[in-house]
Amino acid sequence: MSSVPAALPAIAFLSGGQSPENAAAHLNAIHKKFKNLLPWIVSFSFARAIQQPALEFWKGKQANIEEAQNLLYKRATLNSAARRGEYNSELTEAELNAYWETGEAVKWHLSKGP
């Protein structure tokens, strides 16, 4: 951790080459192990890890839009949990919905700044 100056605001790893589940699990492990030691925001550039499942399901078909949006929402929620060190691949739909409905996701992200 001494290789990166603490003045750097964030570190973003690429999620490409990993499954969405592995990308979330790896980010979660970093935050669980080093959460109180990290002077920076640590995240992934989640384009692939968040978008890939939705894009694969959608396939450009109108009939698949709603479920693709649901997959995008789910991956974004799971990766948000990983960013806090709270990822669990077994989170239920009810737990995912409660997280967003209570506003906890928005409050947590706003507290971290841009």
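Check the entry above for the structure.
Residues numbered from 1 in each chain as written. Predicted model: local features only at pLDDT ≥ 70, side-chain atom pairs only at ≥ 80, totals over all residues. Heavy atoms only, no water.

Caption draft 1: Broad picture of helix H2 (residues 47–58). For H2, with 12 residues, the first-to-last C-alpha span of 16 Å sits near the 16 Å given by 1.5 Å per residue. Buried residues of H2: Ala 49, Ile 50, Pro 53 and Ala 54, and no others. All buried residues of H2 lie within an arc of 120° about the axis, which places them on one face of the element. Summarising the contacts, the buried residues of H2 are in contact with helix H1 (20–34) and helix H3 (65–83). Immediately downstream of H2, the backbone of Lys 59 shows phi near 55°, a positive value. (Helix = DSSP H or I, 4+ residues; strand = E, 2+ residues; numbered from the N terminus. Expected span 1.5 Å × (residues − 1). Buried < 20%, exposed > 50% of the residue type's maximum accessible area, 1.4 Å probe, protein only. Arc of directions from axis to C-beta. Contact = heavy atoms within 4.5 Å.)

Caption draft 2: Quick peek at the pattern of salt bridges. In total, this model carries two salt bridges according to the counting rule given. For Glu 21, the salt bridge goes to Arg 75, with nearest N and O atoms at 3.9 Å. Of this pair, Glu 21 sits in helix H1 while Arg 75 sits in helix H3, and the two are 54 residues apart along the sequence. Glu 86 is the partner of Arg 84 in a salt bridge, and the nearest nitrogen-oxygen pair spans 2.9 Å. With a relative accessible area of 8%, Arg 84 lands in the buried category. (Salt bridge = Lys/Arg side-chain N within 4 Å of Asp/Glu carboxyl O.)

Caption draft 3: Geometry of the packing of H2 against H3. At their nearest, the axes of H2 and H3 sit 8 Å apart, and the two run at 165° to each other. It follows that H2 is roughly antiparallel to H3 by the angle criterion. For the element pair H2 and H3, the recorded crossing hand is right-handed. Contacts between H2 and H3 pair Ala 49, Ile 50, Gln 51, Pro 53, Ala 54, Phe 57 and Trp 58 from the former with Ile 65, Glu 67, Ala 68, Leu 71, Leu 72, Arg 75, Ala 76 and Asn 79 from the latter. By residue class, the composition of the contact of H2 with H3 is 11 nonpolar, two polar and two charged. (Axes fitted to C-alpha atoms, helices over the stretch in contact; angles between N-to-C directions. Parallel < 35°, antiparallel > 145°, perpendicular 65-115°, else oblique. Left-handed = near helix turned anticlockwise from the far one by under 90°. Nonpolar A, V, L, I, M, F, W, Y, C, P; charged D, E, K, R; others polar.)

Caption draft 4: Seen up close, the environment of Ser 19. Within the secondary structure, Ser 19 sits in the loop between strand S1 (10–14) and H1. Judged by its relative accessible area of 28%, Ser 19 is partly exposed. Measuring from C-alpha to C-alpha, the distance between Ser 19 and Arg 48 comes to 8.7 Å, with 29 residues separating the pair along the chain.

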